Amino acid sequence: MDNEKLTGSFYTPEYLVQFMVDYLESNQHDFSCVLEPAAGDGRFLRALQQTAGHIDAIELYENKIRALRATYLSSVVNIERADFIEYAMESTKRYSLVIGNPPYINLKVMEKEDISRSRQLCKEEGLESAVMQNLWVAFVVGACRVLQPGGAIFFVLPMEFLQVQYAEKLRLYLEKKFNTIHIISFQKFIFPVIEQEVCLVYLTNQVQCPPHILYHIYEDADRRQPISTNIIQKNKPLQKWSNAILTDAEITLLKNWSAKYKAVSETGTIAPGIVTGGNRYFILTAEQVKKYHCESYVLPILQKSSFVTDHTIVIDDTVMTGLCKSNKPMYLLALSEEKDALPQALKDYLDWAGEQEIDGVALKKRYKCANRMPWYGVPIVKKGGVVFFKRYGQLPRLYINEADVHTTDAGYHIRLKDDYDKASFVFCFYNSMTLAQCEYNGRYYGGGVRELVPSEFKSITIPYEMIEERHIDYLNKLFQRKAPIEEVVTFVNARTIAKNMPTEEIERLEEIRVKLMKQRNVD
């Protein structure tokens, strides 16, 4: 791994630093005592030294300390070599402003000592250790700790902070701690090279100010007037801050109507598909099955949603035959219950596969494989009559599982209760309200892909009712002829939510769906 990734050192563009300073000045913020907790090459110092009364700059690496001290000779700037987490835990000094771009270092590549110290900091501030999944989390918590009353934090943070599940308790902690939260995002990428979407987060307490979240969207950081501004006051705490692009009225509308219908969790048993521990080795193509003489030892499986065309709501034998003809890996080695001797060609393959390394560890020694007997015995879980794939692009996809096929854990299987018809269930899913909930509940990645974890999927509600077979067939034909999403949704709305919901409120729910979809740069 290169040094930049190990140290989280992707320096903030100077135009963004200047944007932040200008923003603080426009909000008449106090610059009397400033802390930069990860000084790097000093670009925040350059922008602040003419404005700030005093700046403490913390930096961990000696080579950067030398360069900073050679550059910043003013008595206004104090350069100190320290680990910021240690500094935050031990220092008694308090600041009117903590500003910067903390390092983004995943827990997996952090030193054990740094993880322990960061978790201890979180614990001392009343947060569970599970919150500590990235070093930037500890920087946010540490900044809160060294802030004086009425002070502010202004950080460049990954966009995932606004929505990722592990940071939910951190966001709740911050909502309790600060009455004023500003989120600033940009339509143009700030860090296009590393495909990391970022936002600016401003946290403070204003005198006699009702608690609120203000969300600004700017075209880019060279502009000083936002394209849009929204404020959340009623719907606090807000589970995902990314949803602050909606108005209080829109959030309330979505919540109120969603509460009138049954959640997916009430309709049956929902569980992820099969976890193999190494898809590329346990899921074979038809050619490989023939080569290793293992026709009697495999089950058909869908590895990911991209293997299923978007132009259907049915996974049937036609879909599976098409995958087989295109030589897609779609046959799972099902050997967990196998007692008989395996074909020699298959044994040789397993011997080879077991030695293949993933992230430096042989497949058979990786956690999931090492904890099962035999190591290649993938546990087979139950299938469902309906399948939902957790990641999607434009439209979340729910399928009728007519082929009775397994999936990997990329899919969630729903085994519906007896009083639900699977085809009607899938049909009713494609309405504006339910689709808006998927956008509202889930999180999105760079590139615009939305994901719902099991708890998020289970919480969405569906206006279920029995649907005539001709309407189900027509919906599938809409998908087959690649009809616009609006046409699909309008057709389903008319046979579901329109029976109880005013037309203008259906239109507002559709606007919510589209707004949240466009937020992730998907048209």
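Please refer to the structure higher up on the page.
Below, the structure is looked at part by part. (Residues numbered from 1 in each chain as written. Predicted model: local features only at pLDDT ≥ 70, side-chain atom pairs only at ≥ 80, totals over all residues. Heavy atoms only, no water.)

**Quick notes on the overall build of the protein chain**
Here is the rule we go by: A run of H or I in DSSP counts as a helix once it spans at least four residues, and a run of E counts as a strand once it spans at least two, with each numbered from the N terminus. Just to be clear, the radius of gyration here is over C-alpha atoms, and the globule rule we use is 2.2 Å times residues to the power 0.38. The classification of residues rests on relative accessible area computed with a 1.4 Å probe and restricted to protein chains. Under 20% of the type maximum is buried, over 50% is exposed, and intermediate values are partly exposed. By the convention used here, residues are in contact when the closest approach between their heavy atoms is within 4.5 Å. Areas reported as accessible are Shrake-Rupley estimates using a 1.4 Å probe. Residue values count occlusion only from the protein chains shown.
If you tally the helices and strands in the protein chain, you get 20 helices and 23 strands. What you see for the protein chain is a C-alpha radius of gyration of 26 Å, in line with the 24 Å of a compact globule of 523 residues. For the protein chain, the C-alpha atoms occupy an extent of roughly 75 × 65 × 35 Å along the three principal directions. For the protein chain, with 523 residues in total, the buried portion stands at 55%. In the protein chain, the share of contacts with a sequence separation of at least 24, taken over all contacts with a separation of at least 6, comes to 72%. With the model as given, the accessible surface of the protein chain reaches about 23,700 Å², and the carbon-plus-sulfur share is 48%.

**Digging into the environment of Q187**
Looking at the element boundaries, Q187 is found in the loop between β6 (180-186) and β7 (198-204). The partly exposed category is assigned to Q187, whose relative accessible area is 48%. Note: C-alpha distance between Q187 and E219 (32 residues apart in sequence) is 4.9 Å. The residues touching Q187, leaving out its near neighbours within four places in the chain, are I217, Y218, E219 and I227.

**Re the nonpolar core**
The condition is simple: In this text, buried Ala, Val, Leu, Ile, Met, Phe, Trp, Tyr and Cys residues form a nonpolar core when linked through side-chain atoms within 4.5 Å.
Among the nonpolar cores identified, the biggest contains 109 residues, and F154, F161, L170, L174 and W241 are the most heavily contacted of them. Here the element with the most residues in this core is helix α7 (residues 135-145); it accounts for nine residues. Not counting the four nearest positions on each side in its chain, F154 is found in contact with M20, Y23, L24, L97, V98, I99, G100, I184, L200, V201 and Y202. Within the second largest apolar cluster, 40 residues are counted, among which are F307, L333, Y349 and L350.

**A closer look at the packing of aromatic side chains**
This is how the line gets drawn: By convention, a stacked pair of Phe, Tyr or Trp rings (six-membered ring in the case of Trp) has centres within 6.5 Å and planes under 30 degrees apart, an edge-to-face pair has planes over 60 apart, and any other such pair is tilted. Only when the NZ atom of a Lys or the CZ atom of an Arg is both within 6 Å of the ring centre and within 35 degrees of the ring normal do we say a charge sits over the ring.
One pass over the full model with this rule turns up 28 aromatic pairs. Ring centres of Y349 and W352 lie 5.8 Å apart, and the angle between their planes is 35 degrees; on these two criteria the pair is classed as tilted. Taken together, the residues Y349 and W352, both in helix α13 (residues 344-355) and three residues apart, mark about one turn of the helix. On the basis of relative accessible area, Y349 is assigned to the buried category, the value being 4%. Three or more aromatic residues joined by ring pairs form one cluster here, namely F19, Y23, F154, F186, Y202 and Y218. We note K260 situated over the ring of W257; from NZ or CZ to the ring centre the distance is 5.2 Å. It is R372 that lies over the ring of F282; its NZ or CZ is 5.2 Å from the centre.

**Comments concerning the pattern of salt bridges**
Quick reminder of the rule: In what follows, salt bridge is the name for a side-chain nitrogen of Lys or Arg lying within 4 Å of a carboxyl oxygen of Asp or Glu.
Tallied over the entire structure, the rule returns 29 salt bridges. The partner of E439 in a salt bridge is R450, with the nearest N and O atoms 2.8 Å apart. Remark: R450 occurs in strand β23 (residues 450-451) and E439 occurs in helix α16 (residues 432-441); sequence separation between them is eleven residues. Residue R450 is classed as buried on the basis of its relative accessible area of 1%.

**With respect to the sheet that holds strand β17 (residues 386-389)**
Put simply, the rule is: Pairing between strands requires that DSSP locate at least two bridges from one strand to the other. An axis is simply a line fitted to the C-alpha atoms; with a helix, the fit covers only the stretch in contact. Between two such axes, the angle follows the N-to-C directions and lies from 0 to 180 degrees.
Strand order in this open sheet of five strands is β10-β21-β17-β19-β13, and the pairing throughout is mixed. On the outer flanks of this sheet lie β10 (268-272) and β13 (314-315), each paired with one strand and no other. By the bridge criterion, four bridges tie β17 to strand β21 (residues 411-416) in an arrangement that is antiparallel. Residue pairing for β21: V386 is matched across the bridge by I414. Against the sheet, helix α15 (residues 422-429) contacts β17, β19 (398-401) and β21, and its axis sits at roughly 170 degrees relative to β19.

**Observations regarding helix α20 (residues 503-519)**
Rule in force here: Here the expected span of a helix is defined as 1.5 Å times the quantity of residues minus one.
Compared with the 24 Å implied by 1.5 Å per residue over 17 residues, the 25 Å span of α20 between its first and last C-alpha is a close match. All of the buried residues along α20 are I506, L509, E510, I512, R513, L516, M517 and Q519. In this structure, the buried residues of α20 make contact with β8 (212-218), α9 (248-258), α16, β22 (443-444), β23 and α19 (485-494). The first or second residue beyond α20 is N521, which carries a positive phi of 60 degrees.

**Focus on the packing of helix α18 (residues 469-480) against α19**
Applied cut-off: Here roughly perpendicular refers to angles of 65 to 115 degrees, roughly parallel to angles under 35, roughly antiparallel to angles over 145, and oblique to all remaining angles. Residue polarity is assigned by list, with Asp, Glu, Lys and Arg as charged and Ala, Val, Leu, Ile, Met, Phe, Trp, Tyr, Cys and Pro as nonpolar; anything else, Gly included, falls into the polar class.
In contact at an axis separation of 10 Å, α18 and α19 are set at 170 degrees when each is read in the N-to-C sense. Considered as vectors, α18 and α19 are oriented roughly antiparallel to each other. Seen from α18, the contacting residues are H471, Y474, L475, L478 and F479; seen from α19, they are E487, V488, F491 and V492. Looking at the contact of α18 with α19 residue by residue, the classes come out as seven nonpolar, one polar and one charged.

**Some words on empty space enclosed by the protein**
Test applied: A cavity here means a set of 1 Å grid points, computed over protein atoms only, where a 1.4 Å probe fits but cannot escape. A pocket is an open set with protein on both sides within 12 Å along at least 5 of 7 lines, and lining residues have an atom within 4 Å of a point. Grid points are joined across faces, edges and corners, and a volume is the space filled by probe spheres set on the points.
Under the definition given, this model contains two cavities of 30 Å³ or more. Every residue along the wall of the second largest cavity is listed here: Q239, K240, N243, Y440 and N441. Along the lines of polarity and charge, the residues of the lining of the second largest cavity split into one nonpolar, three polar and one charged.

**Regarding the pairing of β8**
Of all seven residues that make up β8, seven are buried, and the element is covered over most of its length. With burial as the criterion, each face of β8 is covered, one bearing H212, L214, H216 and Y218 and the other bearing I213, Y215 and I217. In this sheet, β8 lies alongside β6 in parallel orientation, the contact comprising seven bridges. The partner of I183 across the bridge, within β8, is Y215. Direction of pairing for β8 relative to strand β9 (residues 228-232): antiparallel, over a ladder of five bridges. Within β9, the residue paired with L214 across the bridge is I231.

**Focus: the sheet that holds strand β14 (residues 331-333)**
Taken together, the four strands give an open sheet; going across it, the order is β11-β14-β12-β20, and neighbouring strands pair in mixed fashion. Strands with a single pairing partner mark the edges of an open sheet, and in this sheet they are β11 (283-284) and β20 (406-407). Inspection of the sheet shows β11 paired to β14 by two bridges, in the antiparallel sense. If you follow I283 over to β14, its bridge partner there is L332.

**Topic: the environment of V21**
Mapped onto the fold, V21 is located in helix α2 (residues 14-26). Placed 78 residues apart in sequence, V21 and I99 show a C-alpha to C-alpha distance of 9.3 Å.

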